[in-house]
Amino acid sequence: MNILIYYPYNHRSVEQQSVAEMLVKAGHQVVFFTTCEKGYIHDYLKSVGIPAYYTYGPTHGIQAYVKNIRKLNSIIKEKKIDVVIAQQQYPALIAGVLRLFKKFKLVYVRHNSDEDYQLNAVKAKWFNKIINALTPVKVAPSSIVQKFWIEKEMVSPKQIRRINYGYNFNQYEKANEGEARNIQKIFPAALLILSMARLVPSKRHKEMFSVVKRLVEEGIDCKMICLGTGSLENELRQIIDISGMKNHIFLLGRKENIFDYIAACDVFFHLSSAEASNSAVKEVALYQKPVIVCKGVGDFEDYIIPWENGFLVDKENPVEESHSILKAIAENKVDRSKLGQRLFNTVTTMFDIKNVSEDYNRLLHYVMQQ
């Protein structure tokens, strides 16, 4: 079977890379195409023999849609594509429109639930309604996404397949121990907290900052490193300055050597209110560090058991619980090693790419019967 994976980003994605390689090993011909310009993921896939295409120019607006529709049509024709797997809304919309005029099978994988509704509910409602109508087969990477589709967007359960993210964990590089120690020297603290998330409203950095500020005011020696970029960067910097947290909270932007930071930290703090299946938590699990995340978000409750292999806090009111947990960690009332080990065991078993390969086989068989 000839399969095209259609993706909106060009940076590394072990999940996407793993799925592409898994499909090739299953005997399929796979090509990769992004709505944006060339990046890391193109070079990686080409290095393992998977053709990777990309588009030039703007990524939004009518010109971008036209460019992508034309390029997608050209690749489908040249490579005789049977199935397009569209990752996220933007590629799904483009592929869905093209499918009105060209014959191919289409699968839409959704990587969020209600994040866009939090930004602009009216726009999100109509945008998702159109995409859902254009995509006959859908994949939910978590029970939250599946539930949202059915209960909030009235999608028929018959259209949805529930498949976990799958990772070839061997693709991840090892941390540089020297660099990890250097990070600890630059940010010396009894408790070093890490955040890896886009600087956007749904990731709720303001709430996390308020927890750190309270800990500092209580005399706890802690610092927080934030990796990521986004629309709230300037506002968050102002909050840090005004609150007097310049020596305790640090916005470092996007980093490629994330495992050096993971190895250096003591705990991962993530109060996101909207996810599909967060990859950062799985990456932290590889280094056996405890994580704090919210209930009712993504697939966290599918694999995190409170106080056994991680911490789940209330989605609507996460601050108080987060404060108590971080204080307990800082005061060594929590066995971080045991929690981290259990999380590692759970994640590396549940999300191994081998454990989702049969799900993809069934998905593709179903798609071809439609």
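Report follows, based on the coordinates. This one's a predicted model, so the numbers in the text were calculated from it and none came from an experiment. (Residues numbered from 1 in each chain as written. Predicted model: local features only at pLDDT ≥ 70, side-chain atom pairs only at ≥ 80, totals over all residues. Heavy atoms only, no water.)

This brings us to the packing of helix H9 (residues 205–217) against helix H10 (residues 233–242). Closest axis-to-axis distance for the H9/H10 pair is 11 Å, and the angle between their directions is 15 degrees. Judged on the interaxial angle alone, H10 and H9 are roughly parallel. The element H9 and its partner H10 pack so that their crossing is right-handed. Together, His 205, Lys 206 and Phe 209 of H9 and Glu 235, Leu 236, Ile 239 and Ile 240 of H10 make up the contact between the two elements. (Axes fitted to C-alpha atoms, helices over the stretch in contact; angles between N-to-C directions. Helix = DSSP H or I, 4+ residues; strand = E, 2+ residues; numbered from the N terminus. Parallel < 35°, antiparallel > 145°, perpendicular 65-115°, else oblique. Left-handed = near helix turned anticlockwise from the far one by under 90°. Contact = heavy atoms within 4.5 Å.)

The next subject is helix H4 (residues 89–99). When you tally the buried positions in H4, you get 9 out of 11 residues, the bulk of the element. Residues of H4 that are buried: Gln 89, Tyr 90, Pro 91, Ala 92, Leu 93, Ile 94, Ala 95, Gly 96 and Leu 98. For H4, the secondary structure elements touched by its buried residues are strand E1 (2–7), helix H3 (62–79), strand E4 (83–87), strand E5 (105–109), helix H5 (115–119) and helix H6 (121–134). (Buried < 20%, exposed > 50% of the residue type's maximum accessible area, 1.4 Å probe, protein only.)

What follows deals with the pairing of strand E12 (residues 291–294). The alternating pattern of E12 places Val 291 and Val 293 on one face and Ile 292 and Cys 294 on the opposite face, and all of these are buried. Here strand E11 (residues 267–269) runs beside E12; their pairing, made up of 2 bridges, is parallel. Paired with Phe 269 across the two strands is Ile 292, which belongs to E12. Bridging between E12 and strand E13 (residues 311–313) involves 3 bridges; their strand directions are parallel. Residue Cys 294 lies in a different strand from E13, and its bridge partner there is Val 313. (Pairing = 2+ DSSP bridges.)

If you walk across this open sheet you meet the 6 strands as E10-E9-E8-E11-E12-E13, and the pairing is parallel. Unpaired on one side and paired on the other, strand E10 (249–253) and E13 mark the two borders of the sheet. Neighbour-to-neighbour, the strand axes of this sheet turn through a mean angle of 25 degrees, independent of strand direction. The sheet contact formed by strand E8 (residues 191–196) and E11 spans 2 bridges and is parallel. Across the sheet, residue Leu 194 finds its bridge partner in E11, namely Phe 268. Sheet strands in contact with H9 are E8, strand E9 (222–227), E10 and E11, and its direction is about 160 degrees off that of E9.

Turning our attention to the state of the cysteines. The tally for this structure, following the rule as stated, stands at 0 disulfides. The thiol of Cys 226 is unpaired, and the distance to the nearest cysteine sulfur, on Cys 222, comes to 12 Å. (Disulfide = S-S within 2.5 Å.)

Here we take up unusual backbone geometry. When glycine is set aside, most residues are seen to have a negative phi, and most peptide bonds are trans. Of note, Arg 204 is a non-glycine position whose phi angle comes to about 55 degrees, a positive value. Its place among the elements puts Arg 204 in the loop between E8 and H9. The residue Gln 288 is not glycine, and still its phi comes out positive at about 55 degrees. Tracing the backbone through its elements, the reader meets Gln 288 in the loop between helix H12 (279–285) and E12. On the basis of relative accessible area, Gln 288 is assigned to the partly exposed category, the value being 29%.

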